[in-house]
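# Breakdown of the fold
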Amino acid sequence: MARFNRHDTINLISKLTPRRVWNAACVLASFYLSKWTRKPVQWGFPISISFEPTTSCNLRCPECPSGLRAFTRPTGMLQNDFFRDTIDQLHKDLLYLVFYFQGEPYLNPGFLDMVQYASSKGIYTATSTNAHYLNDENARRTIESGLDRLIISIDGTSQDVYQQYRVGGTLNKVLEGARNIVKWKKEMKSKTPFVFFQFLVVKHNEHQIEDVKRLAKEIGVDDVWLKTAQIYDYENDPNHLIPSIDKYSRYKKSSQGTYTVKNSLQNHCWRLWHATVITWDGLVVPCCFDKDAGHKLGDLKGIPFKEVWHNKEYIDFRKQMLKSRKNIDICANCSEGTRVWSN
């Protein structure tokens, strides 16, 4: 599990209100009741939401549908009016908002305005970026927006290693973006955002784990988190990405030489009770593993979110989860509980 940073944890706790605490208690109680009775019960509303700023991306990472341009759903940009309307519906219960699903958030010209709006509602805000657009102006605006957490993806400490996964990317731009953020945090005397390097551990970069920790310290980011990689064709691993260091792999090698998922896939999932994902065009899907929105649980165009959260599609999906999670395609490669380690 990723460790807690003291300032970041205090900041998150400061977002709590009596209503948000009560909502979280209702959600937690309904999850355990569902787990014990094997019947879907859902009280309260999401504690956390992932909102997709865009499906567009400037890179072509080999295990990313956005990078591979492999979506069957349309590419587009989240619109400010739709975002604000949804936040207005949910902000009293919502604690945590992730501005990320697929794509590069900073490609949406209204992205930081949306962050600022959510921050004005007292919601903890986070995003993940490849940092190619963190120029001096965007870095300053990021601090001003009130963003609470900034994840910078950096999967190599030399250009030749970095570009093997971040295809089309330039490491120097990533490092420049990180330096810009650190600089403006200092100049504006801001404790936010909590900034960390996220290092996706794969076979070709596992020898640079200690290097990325040194690099983070040199630049002045707050932490380094090591992340395991999701491999779509993990049984064969055609891109040779599964690392040799076992603790950084989601998969274990069988006696036949193929790989299987380490996770035991028990018939429950906390994420399905406390969180949800909204695509740029208003589709509601179960979680971030449904990258192509194949399990549409609702469409927010013209329908309030709270109607979707308790609709038949959601009830049926939770019921299927409690009955046989392994038979849900997006769960087959799930790493819930085994995903991120700190340094």
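Structure's up top.
The paragraphs below set out a description of the structure included in this document. The shown structure was predicted, so the numbers you read here are calculated from the model rather than taken from an experiment. (Residues numbered from 1 in each chain as written. Predicted model: local features only at pLDDT ≥ 70, side-chain atom pairs only at ≥ 80, totals over all residues. Heavy atoms only, no water.)

### Concerning the environment of valine 174
Within the element layout of this structure, valine 174 appears in helix 7 (residues 171-187). A relative accessible area of 0% places valine 174 in the buried class. Residues valine 174 and histidine 132, spaced 42 residues apart in sequence, show a C-alpha to C-alpha distance of 5.6 Å. Every residue in contact with valine 174, bar those within four places of it in the chain, is listed here: Asn130, Ala131, His132, Ile152, Ser153, Ile154 and Tyr162. (Helix = DSSP H or I, 4+ residues; strand = E, 2+ residues; numbered from the N terminus. Buried < 20%, exposed > 50% of the residue type's maximum accessible area, 1.4 Å probe, protein only. Contact = heavy atoms within 4.5 Å.)

### Comments concerning helix 4 (residues 111-120)
Within helix 4, seven of the 10 residues are buried, which leaves the element mostly enclosed by the surrounding structure. Every buried residue of helix 4 is accounted for by Phe111, Leu112, Met114, Val115, Tyr117, Ala118 and Ser119. The inward-facing, buried residues of helix 4 abut helix 3 (80-90), strand 2 (96-99), strand 3 (124-129) and helix 5 (136-145). Of the residues flanking the end of helix 4, it is glycine 122, one or two places downstream, whose phi is positive at about 75°.

### A word on the pairing of strand 9 (residues 275-278)
Side chains Ala275 and Val277 project from strand 9 onto one buried face, and the interleaved Thr276 and Ile278 project onto a second face that is buried too. As paired strands, strand 1 (residues 48-51) and strand 9 are joined by four bridges and run parallel to one another. Pairing of serine 50 across the sheet is with valine 277, part of strand 9. Pairing geometry for strand 9 and strand 10 (residues 283-285), over two bridges, is antiparallel. (Pairing = 2+ DSSP bridges.)

### Observations concerning the packing of helix 5 against helix 7
Direction vectors running N to C along helix 5 and helix 7 enclose 50°, while the axes themselves pass 9 Å from each other. The angle between helix 5 and helix 7 places the two elements in the oblique class. Along this stretch, helix 5 crosses helix 7, giving a crossing that reads as right-handed. Contacts from Asp136, Ala139, Arg140, Thr142 and Ile143 in helix 5 reach Asn180, Ile181, Lys183, Trp184 and Lys185 in helix 7. Residues that form the contact of helix 5 with helix 7 fall into these classes: four nonpolar, two polar and four charged. (Axes fitted to C-alpha atoms, helices over the stretch in contact; angles between N-to-C directions. Parallel < 35°, antiparallel > 145°, perpendicular 65-115°, else oblique. Left-handed = near helix turned anticlockwise from the far one by under 90°. Nonpolar A, V, L, I, M, F, W, Y, C, P; charged D, E, K, R; others polar.)

### What about the packing of aromatic side chains?
Applying the stated criterion across every chain, the model contains 15 aromatic pairs. Measuring from centroid to centroid gives 5.6 Å for tyrosine 32 and tryptophan 36, while their planes differ by 40°, and the two rings are tilted. Of this pair, tyrosine 32 and tryptophan 36 both sit in helix 2 (residues 18-37), four residues apart, which is roughly one turn of that helix. Tyrosine 32 sits in the partly exposed class, given a relative accessible area of 33%. A centroid spacing of 5.9 Å and a plane angle of 80° characterise the contact between phenylalanine 51 and phenylalanine 82, whose relative ring orientation is edge-to-face. (Phe/Tyr/Trp six-rings, centres within 6.5 Å; stacked < 30°, edge-to-face > 60°.)

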